[in-house]
Structures are given as structure tokens and as C-alpha cells.
Amino acid sequence: MNLYFKNRIALFNTLVAAVTMLVVFAAVYIVVYITTYRHLDSNILEEKEELFSQISLVGDSLVFSMNAEWEELEHSRAEVDPIFIQMVDAKGTVIFHSRNLENDQLQYADSLTSNLFFNVVFNDKKIRQGQFPIKTENGKIIGQLDIGISMADSILILTNLRNAFFAAFPLMLLFFYVVTSLLASRSIAPVKKLIAYAEKMHYNNIDPRLPLPVHHDEIYQLTATINSLLERIETGRNREKQITADISHELRTPLTSIKGTLEVLVRKTREPQQYEEKVLQVIQEVDSINHIINQLLYLARLDSGNISIVKKPVKLYDMMMTIKNRWRLQMENKAMVMQLDIPENTVIQTDFGLLEMMLGNLVSNAVKYGHKQGQLVCHWQADTRILSLTDNGPGIPQEHLPYIFDRFYRADIPGSSAVQSTGLGLYIVKMLATIQGIQIEVSSQENKGTQFKLHFNE
Ligand code: ADP
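(A) Structural view of the overall build of the protein. Each helix and strand counted, the protein has ten helices and 14 strands in total. At 53 Å, the protein has a C-alpha radius of gyration far larger than the 23 Å of a compact globule built from 458 residues. With the C-alpha coordinates aligned to their principal axes, the bounding extent of the protein is approximately 155 × 55 × 35 Å. Counting only residues that meet the buried cut, the protein has 38% of its 458 residues in that class. The long-range share in the protein, meaning contacts at least 24 apart out of those at least 6 apart in sequence, stands at 63%. As displayed, the protein has an accessible area near 27,700 Å², and 57% of this comes from carbon and sulfur atoms. Each charge class in the protein was averaged separately, 44 positive and 50 negative side chains, and the resulting centres sit 15 Å apart.

(B) Spatial organisation of the packing of aromatic side chains. Applying the stated criterion to the full structure yields twelve aromatic pairs. Here the aromatic rings of Phe117 and Phe132 are separated by 5.8 Å at their centres, their planes lie at 80°, and the arrangement is edge-to-face. With Phe117 in strand 5 (residues 116–122) and Phe132 in strand 6 (residues 125–135), this residue pair connects regions lying 15 residues apart in the sequence. Through pairs of rings, three or more aromatic residues link up here, namely Phe25, Tyr29, Tyr33, Tyr37, Phe165, Phe166 and Phe169. Cation over ring: Lys48 sits above Phe52, and NZ or CZ is 5.3 Å from the ring centre. Directly above the ring of Phe405 sits Lys430, whose terminal nitrogen or CZ lies 5.5 Å from the centroid.

(C) The side chain of Gln131, seen in detail. Relative to the elements of secondary structure, Gln131 occurs in strand 6. At 2.4 Å, the side chain of Gln131 forms a polar contact with the side chain of Gln144.

(D) Structural context of the sheet that holds strand 9 (residues 337–341). Taken in spatial order, the five strands of this open sheet run 9-11-12-14-13, and their pairing is mixed. In this open sheet, the two strands that pair with only one neighbour each are strand 9 and strand 13 (439–445). Taking the axes of each pair of neighbouring strands and ignoring which way they run, one obtains an average angle of 10° across the sheet. Here six bridges tie strand 11 (residues 375–381) to strand 12 (residues 386–391), and the two strands are oriented antiparallel to one another. Looking across to strand 12, one finds that Trp380 is bridged to Leu387. Across the sheet, helix 7 (residues 316–326) is in contact with strand 9, strand 11 and strand 12; its angle to strand 9 comes to roughly 175°.

(E) Structural context of helix 3 (residues 152–187). Given a rise of 1.5 Å per residue, 36 residues ought to cover 52 Å, and the 50 Å separating the end C-alpha atoms of helix 3 matches this to within 8%. When helix 3 is considered as a whole, its buried residues turn out to be Ser154, Leu158, Phe165, Phe169, Leu173, Thr180, Ser181 and Ala184. Check the buried side of helix 3 and you find it contacts helix 1 (5–52).

(F) Structural detail: the pattern of salt bridges. Inspection of the entire model under this criterion finds four salt bridges. Of the charged contacts, one joins Asp41 and Arg128 as a salt bridge, the two residues approaching to 2.7 Å between their closest N and O atoms. Residue Asp41 is located in helix 1, and its partner Arg128 is located in strand 6; the two are separated by 87 residues in the primary sequence. Comparing Asp41 with Arg128 shows no difference in burial state: the two are buried.

(G) Layout of a nonpolar patch on the surface. On the surface, Ile30, Tyr33 and Ile34 cluster together into a nonpolar patch covering about 260 Å² of accessible area. Looking at the secondary structure, you find Tyr33 in helix 1.

(H) Representation of the packing of helix 6 (residues 272–303) against helix 10 (residues 425–436) in the model. Relative orientation of the contacting elements helix 6 and helix 10 amounts to 30°, with a least axis distance of 11 Å. As summarised for this structure, helix 6 and helix 10 are arranged roughly parallel, according to the angle between their axes. The way helix 6 lies across helix 10 gives a crossing that is left-handed. Packed against helix 6, whose contacting residues are Gln295, Tyr298, Leu299, Leu302 and Asp303, the element helix 10 presents Gly425, Tyr427, Ile428, Met431, Leu432 and Ile435 at the interface. Partitioned by chemical class, the residues of the contact of helix 6 with helix 10 number eight nonpolar, two polar and one charged.

(I) Summary view of the site of the ligand. The environment of the ligand is made up of 18 residues, and the closest members are Asn365, Tyr369, Ser421, Thr422 and Leu426. Within the side chain of Asn365, an N or O atom sits 2.8 Å from an oxygen atom of the ligand. One nitrogen or oxygen atom from the main chain of Ala411 is found 3.0 Å from an oxygen atom belonging to the ligand. Contact with the protein chains hides 99% of the accessible area of the ligand, taken as 530 Å² for the molecule alone. With four residues, helix 9 (residues 352–369) is the single largest residue contributor to the shell around the ligand.

(J) Focus on helix 7. Regarding helix 7, the residues found buried are Leu316, Tyr317, Met319, Met320, Ile323 and Lys324. Seen along its axis, helix 7 keeps its buried residues to an arc of 160°; they face one direction.

(K) Region of the structure containing the nonpolar core. Ranked by internal contacts, the top residues of the largest apolar core, which has 54 residues, are Met320, Leu355, Leu359, Val363, Leu387, Leu389 and Leu454. For this core, the element with the highest residue contribution is helix 9, accounting for eight residues. With residues up to four places along the chain from it excluded, the contact list for Val363 reads Met320, Ile323, Trp327, Met338, Leu376 and Leu389. The next biggest cluster of nonpolar side chains, apart from the first, holds 16 residues, and it includes Leu51, Met87, Phe96 and Ile149.

(L) Broad picture of the sheet that holds strand 4 (residues 94–97). Sheet architecture is open: five strands sit in the order 4-3-7-6-5, paired in antiparallel fashion. The outermost strands of the open sheet, each flanked by one partner alone, are strand 4 and strand 5. Between one strand axis and the next, the sheet turns by 25° as a mean value, whatever way the strands run. With three bridges joining them, strand 3 (residues 83–89) and strand 4 adopt antiparallel strand pairing. Directly across from Met87, in strand 4, lies its bridge partner Phe96. Along the sheet face, helix 1 touches strand 3, strand 5, strand 6 and strand 7 (141–150) and points at about 40° away from the line of strand 6.

Rules and cut-offs
Within each chain, residue numbers correspond to sequence positions counted from 1 in written order. It should be noted that, the model being predicted, local features are given only for residues of pLDDT at least 70 and side-chain atom pairs only at 80 or more, the latter also being counted only at that level, while totals for whole chains, interfaces and linings use all residues. Note that water and hydrogens are dropped before the side-chain values are worked out from all heavy atoms of the structure. We count a stretch as a helix when DSSP gives it H or I for four or more residues in a row; a strand needs E for two or more, and each element gets its number in order from the N terminus. Atoms considered for the radius of gyration are the C-alpha atoms alone. The globule rule reads 2.2 Å times the number of residues to the power 0.38. Accessibility here uses a 1.4 Å probe with only protein chains present; expressed as a share of the type maximum, an area under 20% marks a residue as buried, one over 50% as exposed, and anything in between as partly exposed. By definition, residues are in contact when any of their heavy atoms lie within 4.5 Å. Where accessible areas are quoted, they stem from the Shrake-Rupley method and a 1.4 Å probe; at the residue level, only the protein chains shown are allowed to cover. When charges are tallied, Lys and Arg are placed among the positive residues and Asp and Glu among the negative ones, while His and the ends of the chain are skipped. Note that the charge is assigned to NZ on lysines, CZ on arginines, CG on aspartates and CD on glutamates. Centres within 6.5 Å make a pair out of two Phe, Tyr or Trp rings, where for Trp the six-membered ring is used; the pair is then stacked when the planes are under 30 degrees apart, edge-to-face when over 60, and tilted otherwise. Definition used: whenever NZ (Lys) or CZ (Arg) falls within 6 Å of the ring centre and also within 35 degrees of the ring normal, the charge is taken to sit over that ring. Polar contacts, as used here, are pairs of N or O atoms within 3.5 Å; protein pairs need one atom able to donate a hydrogen and one able to accept it. Residues neighboring in sequence count only if both atoms are side-chain atoms. Strand pairing is assigned whenever DSSP detects at least two bridges linking the two strands. Angles here are taken between N-to-C directions and fall from 0 to 180 degrees, while the axes themselves are lines fitted to C-alpha atoms, restricted in helices to the stretch in contact. The span expected for a helix works out to 1.5 Å for each residue beyond the first. When a carboxyl oxygen of Asp or Glu is within 4 Å of a side-chain nitrogen of Lys or Arg, the pair counts as a salt bridge. Residues enter patches when their relative accessible area tops 30% and they take part in no salt bridge; the joining distance is 9 Å for like charges and 5 Å for the nonpolar side chains Val, Leu, Ile, Met, Phe, Trp and Tyr. Throughout this description, any angle smaller than 35 degrees is read as roughly parallel, any larger than 145 degrees as roughly antiparallel, any in the 65 to 115 degree range as roughly perpendicular, and the remainder as oblique. Crossing handedness: left-handed means the near helix sits turned counterclockwise from the far one by under a right angle, and right-handed means the same turn made clockwise. Each residue receives one of three labels: charged for Asp, Glu, Lys and Arg, nonpolar for Ala, Val, Leu, Ile, Met, Phe, Trp, Tyr, Cys and Pro, and polar for the others, Gly being one of them. A molecule or strand has a residue near it when one of that residue's heavy atoms lies within 4 Å. Directions from the helix axis toward the C-beta atoms define the arc. What makes a nonpolar core is a set of buried Ala, Val, Leu, Ile, Met, Phe, Trp, Tyr and Cys residues whose side-chain atoms join them at distances within 4.5 Å.

That's the geometry; what it means functionally is another story.
Listed below in C-alpha cells is the structure:
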């Protein structure tokens with residue numbers, strides 16, 4: 001059977017209530033039962049005290065000094081609350097019984113040494129009976145007194161109590177089930193609301209967030225958690241869209257250029273030199289596409305947070321030498337000089353790959369945008385732990401400076417149109433610096449040059 005959540009709660013609560021009610025009733029019943037019997041026994045004892053005060057002993061024989069009063073006593077209570085009295089001698093012969101016993105006899109146990117209470121059925125009626133030994137001064141038992149009291153009232157109380165419980169029990173359970181079911185239904189109403197909202201959502205429409213409940217309870221937490229999950233999904237989705245748009249946008253220009261070049265080339269037969277020229281142009285565009293793809297792939301890795309940092313001691317001078325060698329050809333073409341003002345024993349604790357990527361991008365920019373016969377100075381300031389890269393290139397106009405670390409931002413520097421550029425280099429540098437805890441600063445003056453400062457923490 002597929003029970004609804006609210007019904008499961010109601011059923012469970014009702015079961016707990018049923019067990020609790022049974023336990024409470026049993027406890028109440030036992031207390032009333034014991035109290036009732038105690039009350040009966042104390043009545044019998046009272047009666048016994050009264051009767052014993054009227055019994056006198058002559059040697060080993062019983063003498064009833066106030067027989068007349070015994071009769072009276074019995075008469076006065078016979079109708080409403082009959083009390084049966086019987087006295088038996090040591091041989092078991094009944095020597096006295098109250099008149100209401102008529103020809104009957106109360107049950108009694110032989111060889112009685114101490115007081116005894118028990119229930120018996122007498123003339124189809126239940127009575128509580130007390131049996132007391134009558135002893136001489138030296139402790140010899142010479143008879144016994146039996147007193148019986150009707151249990152009708154007590155039985156009535158206990159029966160009424162039981163009946164009341166059996167009548168109330170199912171009604172209370174039913175009431176409890178209905179009430180808890182209603183309460184459970186009210187409690188899960190916000191969950192139903194969430195389900196209804198969530199059902200309206202699909203991958204392309206997760207903009208509306210789930211409404212937060214008024215009370216700051218678990219449902220509130222659940223809703224807030226789902227909302228933050230939706231937030232993350234949306235961010236991821238937007239990033240995905242952005243990357244797709246970026247890729248198509250960035251690739252379109254070189255691809256259009258390649259297509260145009262090739263179309264011009266096949267239009268008519270050309271001189272081998274012209275072919276060579278156009279093919280070289282196409283190769284340049286393909287290089288550019290390659291560069292864009294590499295940058296974009298790295299960007300995607302950064303965006304997905306799929307970059308792990310392994311910090312190790314890195315020899316800064318060696319790393320800069322490697323980068324310098326990588327750019328040697330381009331620098332020679334522009335007759336540029338790269339000066340390393342870094343002590344060879346400088347060691348910094350960092351992630352080799354990430355730092356190399358950062359410094360490589362900065363050197364690449366200095367070379368790309370640098371003038372012919374320009375220079376780039378890399379200087380390590382040991383006391384402040386600052387590595388600066390200073391070039392004497394065209395510089396970046398002040399109005400562009402605040403944005404150069406933005407994604408896809410390119411400053412329009414005159415004469416740099418031929419430079420392979422995506423606007424991603426410095427964005428990647430900034431991201432990598434943040435990941436590694438390196439502070440980066442830029443200062444630049446138009447027509448004078450640009451300086452990037454990397455501040456490494458201890
Ligand atoms: P990209 O070089 O691919 O265009 P970057 O993010 O590396 O992208 O640089 C952003 C812009 O900052 C560049 O377009 C360029 O105009 C400017 N820039 C960066 N470095 C230098 C530099 N050393 N000298 C002059 N301009 C620079």
C-alpha cells in the first residue's frame with residue numbers, strides 16, 4: 001500500500017498515542033484497583049477493631065459481652081451495604097453469625113495464624129472477606145472472626161472505568177488520527193508548494209527561484225539550498241553559453257579571413273609568389289586560431305575550477321630563462337632585448353606550471369606589443385618579494401588601464417592591429433594570480449612603456 005506522507009505521519013502518531021493511552025489507562029486502572037481494595041480492607045479492619053473490642057475471653061473460651069449490639073450493627077447496615085460476620089471456634093464450629101447470613105456460612109481457611117484478605121462469591125455476589133485469628137493472651141488461637149463486605153460498589157467503579165476507557169479509546173484514536181492527519185497535511189503544504197514550483201521549471205527556465213517560507217525552519221533551509229543550487233546551475237549554464245558565444249565570435253574572424261583569402265586565390269590562376277604569399281597569410285590565420293583555441297581551452301579549465309595547485313620551490317631565474325628562450329626568435333626579429341635582473345639563486349614557493357603560464361603571457365604581451373629594438377627588464381626585489389616586468393613599448397592608454405584584466409578586453413593601441421590578440425591573456429594572468437595568492441599591479445604610460453608587478457607572499 002502506497003501511503004501518503006501525511007497519512008504515514010498520522011498513522012505513526014496514532015500508534016504512539018494508542019500505546020501511550022493503553023499504558024496510562026493501565027496505570028490509572030491499577031491505581032484505582034489498589035485504592036479500592038485498600039479501602040475495602042480498611043473498612044473490614046475498622047469493623048474488626050470494633051468487633052474485637054466487644055469480645056472478651058474467659059480462660060480459653062470466647063464471651064460475647066455485647067451480642068445485642070452486634071445484631072444492631074448488622075441490622076443497621078444490612079440493606080445498603082451488607083456486612084457479614086461469622087465467628088468460628090478452634091474446632092471449626094460456627095459459634096456466631098450475623099443474621100443476614102441466614103443459613104449460609106462464610107468460607108474460611110483452617111489453621112489461620114495471621115490476618116487474611118481474599119475475594120469470594122457469596123450468593124452470586126462478590127464479597128471481600130477478612131479472616132482474623134482470635135488469640136488468648138499467650139498467643140493460643142481459640143477461634144477466628146470472618147468479616148465479609150459487599151464489593152458491589154468497587155466492582156461498579158472498576159467496571160465503569162473500564163467501559164469508559166473502551167468506549168473512549170477508539171473515539172480518541174479516530175480523533176487523534178484526523179487531527180494529526182490535518183496537521184501533517186498543513187505541515188507539508190510548503191513542500192507541496194515547492195513541488196508545484198519545481199515542476200514548472202526546466203533546463204531553459206530556472207530563473208524564478210522557489211519562494212522562501214515565512215518560518216526559518218527545515219523547509220526554509222531546504223528551499224534556500226535548492227535556490228542556491230539553482231543559482232549555481234544558472235551560473236554554469238550562463239558560463240557555458242558565454243563560452244560558446246566567445247568561441248564562435250573569436251573563431252569567426254580568422255575563419256572568414258581564411259575563407260576570403262582562399263576564395264580570392266581560386267578565382268584565377270596566379271603567380272607562384274602570390275600563392276606563397278596567400279598561403280602564408282592563411283598559415284598565420286591558422287596560427288591565430290590555434291592560439292585562440294589554446295587560450296579558450298585554458299579559460300574553460302579555469303572556469304570549471306579544474307585547476308589544482310601544487311606548490312614547490314621554483315628557481316625564478318631558470319624559469320625566466322626558459323620563457324626567454326621560447327620567445328628568442330620573435331625578439332630577434334624585432335631586435336628586442338630581454339634583461340634578467342634576477343639573482344640566480346632566487347627560489348620561490350609556487351606552482352611551477354601556473355606561474356610559467358602567467359609569466360609567459362606577460363612576456364608574450366611585451367614582445368607582441370613592444371617596439372622594434374625595445375627592451376623588457378625583469379627585476380626581482382628580494383626584500384619586498386616583488387617581480388617586476390618593465391617594457392618600453394607603446395604603453396596602455398589610461399582609459400583602458402582599469403579594464404585590461406577583463407575577459408576579452410583589448411586596448412586599441414595604434415599599430416597593434418597585426419598582433420595576434422584575444423583579450424584573454426591578462427584575464428588568465430589575473431585568475432592564475434588569484435588562485436596562487438599573488439598580488440598583481442599594472443602601471444603604464446603611453447609611449448613610454450608598461451610595468452607589471454607581481455607580489456609574492458612568504
Ligand atoms: P591580448 O594580448 O590577447 O589582446 P591581453 O589580455 O593579454 O589580451 O591584453 C589586453 C590588452 O592590454 C591588449 O589588447 C593590449 O592592448 C594591452 N596590453 C597588454 N600588455 C601590454 C603591454 N605590455 N604593452 C602594451 N599593451 C599591452
